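Here is how the chains run, residue by residue.
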Amino acid sequence: MTQLHDLRLRLLVQQESEQIAKSQPTDLDLSIVQARCLCWLALLAETHEDQATEAESRGDAEQAMGWFADSMRLRDVIQVVTSIEVPIPESSDEAEQV
């Protein structure tokens, strides 16, 4: 089950990176990458919390603690990614005026 989860996660990351590359073929906007990363991390953290709740309801405390610990690690990563200051690129109108 863990291998399947890992493969699905890798596929999602690969698909997202391909979408970013297609949407920004010449000039990669790091603020867009950061925003997308935060969206995916939040979804993953929420899913892990749901898994923890489900395991707890089944009476599997050890599995629940594992899922919960993973969700907390993801929340820590969200804080780190949020704290990264990515310069917002100037719009083309502003760049032309300079």
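Keep in mind the model is a prediction, meaning the values are calculated, not measured. (Residues numbered from 1 in each chain as written. Predicted model: local features only at pLDDT ≥ 70, side-chain atom pairs only at ≥ 80, totals over all residues. Heavy atoms only, no water.)

Grouped together as the largest cluster of nonpolar side chains are 6 residues: Leu41, Leu44, Ala45, Leu74, Ile78 and Val81. Counting only elements with at least two residues in this core, the list comes to helix 2 (30-57) and helix 3 (61-83). Ignoring sequence-local partners within four residues, the contact set of Leu41 consists of Leu74, Val77, Ile78 and Val81. (Core = buried A, V, L, I, M, F, W, Y, C linked by side-chain atoms within 4.5 Å. Buried < 20%, exposed > 50% of the residue type's maximum accessible area, 1.4 Å probe, protein only. Helix = DSSP H or I, 4+ residues; strand = E, 2+ residues; numbered from the N terminus. Contact = heavy atoms within 4.5 Å.)

Moving on: the environment of Glu49. Its location among the elements puts Glu49 in helix 2. Here the alpha-carbon distance between Glu49 and Asp70, two residues 21 residues apart in the chain, equals 8.4 Å. Apart from the residues within four sequence positions on either side, Glu49 is in contact with Ser71 and Arg75. Engagement of the side chain of Glu49 in a polar contact is seen with the side chain of Arg75, the distance being 3.1 Å. (Polar contact = N/O pair within 3.5 Å; in protein donor to acceptor, adjacent residues only side chain to side chain.)

Attention now moves to the pattern of salt bridges. Going through the model one piece at a time under the given rule, you end up with 3 salt bridges. Between Arg58 and Glu54 there is a salt bridge, with its nearest N and O atoms 3.2 Å apart. One salt bridge connects Asp70 with Arg73, and the closest N-O pair in it is separated by 2.4 Å. Of this pair, Asp70 and Arg73 both sit in helix 3, 3 residues apart, which is roughly one turn of the helix. The class for Arg73 is partly exposed, based on a relative accessible area of 48%. (Salt bridge = Lys/Arg side-chain N within 4 Å of Asp/Glu carboxyl O.)

Take the environment of Val13 next. Of note, Val13 is situated in helix 1 (residues 2-23). Using a relative accessible area of 52% as the deciding quantity, one classes Val13 as exposed. In this structure, the C-alpha to C-alpha distance between Val13 and Cys37, residues 24 residues apart in sequence, is 9.4 Å.

Moving on to the side chain of Gln34. If you trace the backbone, Gln34 turns up in helix 2. Since its relative accessible area comes to 17%, Gln34 is described here as buried. With sequence-adjacent residues up to four places away left out, Gln34 is seen in contact with Val81, Thr82, Ile84 and Val86.

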